Amino acid sequence: MVLLLLLTKAAKAQVPAALVGRWALKQITFEARRPLPDSLQAKLFYSPAGETNAAVKEGSLTVEVEFRADGTYDYEMARQNQKEPFYAEHGRFEVKNGRLFSYGTTDDHSEPTLDKQTIVRLTRNVLQVEFPIWRPEQQVFQQIRYVRVSGR
């Protein structure tokens, strides 16, 4: 019983209270921590992330994630005027040393969407995560900014 209580406390410690709630993707940006040639810069903006960013900004796509205090999450992508999301992922998550780890339970065997992202900003209303893209030595990071969804 004591061991179960200790394990429960440890699990709860891995879920920052500020993270719990529903978040909507607001913007995707890239940060290069070293100079990039023009060809690589152009590649960033004509990538699937660039297309997703444009669709979110124009309102034709919504991306939302809900983090729960019990360490579970739901991630959904939906097109405007469609009731059901075209992509949904469910699973468990934890935060270790400022890094988000997710374990999806989706049956498609793809890597969980939120796995291995570093939380660079977490406030009451803003969640910003980042992860490296391409080869690590290129020092290029995709940053995703979410805003809290209120009233749900």
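Residues numbered from 1 in each chain as written. Predicted model: local features only at pLDDT ≥ 70, side-chain atom pairs only at ≥ 80, totals over all residues. Heavy atoms only, no water.

Points about the overall build of the chain
- Per the secondary structure count, the chain includes 3 helices and 8 strands.
- Along its sequence from the N terminus, the chain presents helices and strands in the succession α-β-α-α-β-β-β-β-β-β-β.
- Split into buried and exposed, the 152 residues of the chain put 38% on the buried side.
- Intrachain contacts of the chain at a sequence separation of at least 6 include 48% that bridge at least 24 residues.
- On the chain, roughly 9700 Å² of surface is accessible, and the fraction owed to carbon and sulfur atoms is 54%. (Helix = DSSP H or I, 4+ residues; strand = E, 2+ residues; numbered from the N terminus. Buried < 20%, exposed > 50% of the residue type's maximum accessible area, 1.4 Å probe, protein only. Contact = heavy atoms within 4.5 Å. Areas by Shrake-Rupley, 256 points an atom, 1.4 Å probe, with all protein chains shown as cover.)

Here we look at the packing of aromatic side chains
- Using the criterion set out here, one finds 2 aromatic pairs in the structure.
- Residues phenylalanine 67 and phenylalanine 93 carry aromatic rings whose centres are separated by 4.8 Å and whose planes lie at 65° to one another, so their mutual orientation is edge-to-face. In this pair, phenylalanine 67 is assigned in strand E2 (residues 61-67) and phenylalanine 93 in strand E4 (residues 87-96), connecting sequence segments 26 residues apart.
- The lysine or arginine in question, arginine 33, covers the ring of phenylalanine 141, its NZ or CZ lying 3.8 Å from the ring centre.
- Seen from the ring of phenylalanine 86, arginine 79 lies directly overhead, with NZ or CZ sitting 3.9 Å from the centre. (Phe/Tyr/Trp six-rings, centres within 6.5 Å; stacked < 30°, edge-to-face > 60°. Lys NZ or Arg CZ within 6 Å of the ring centre and 35° of its normal.)

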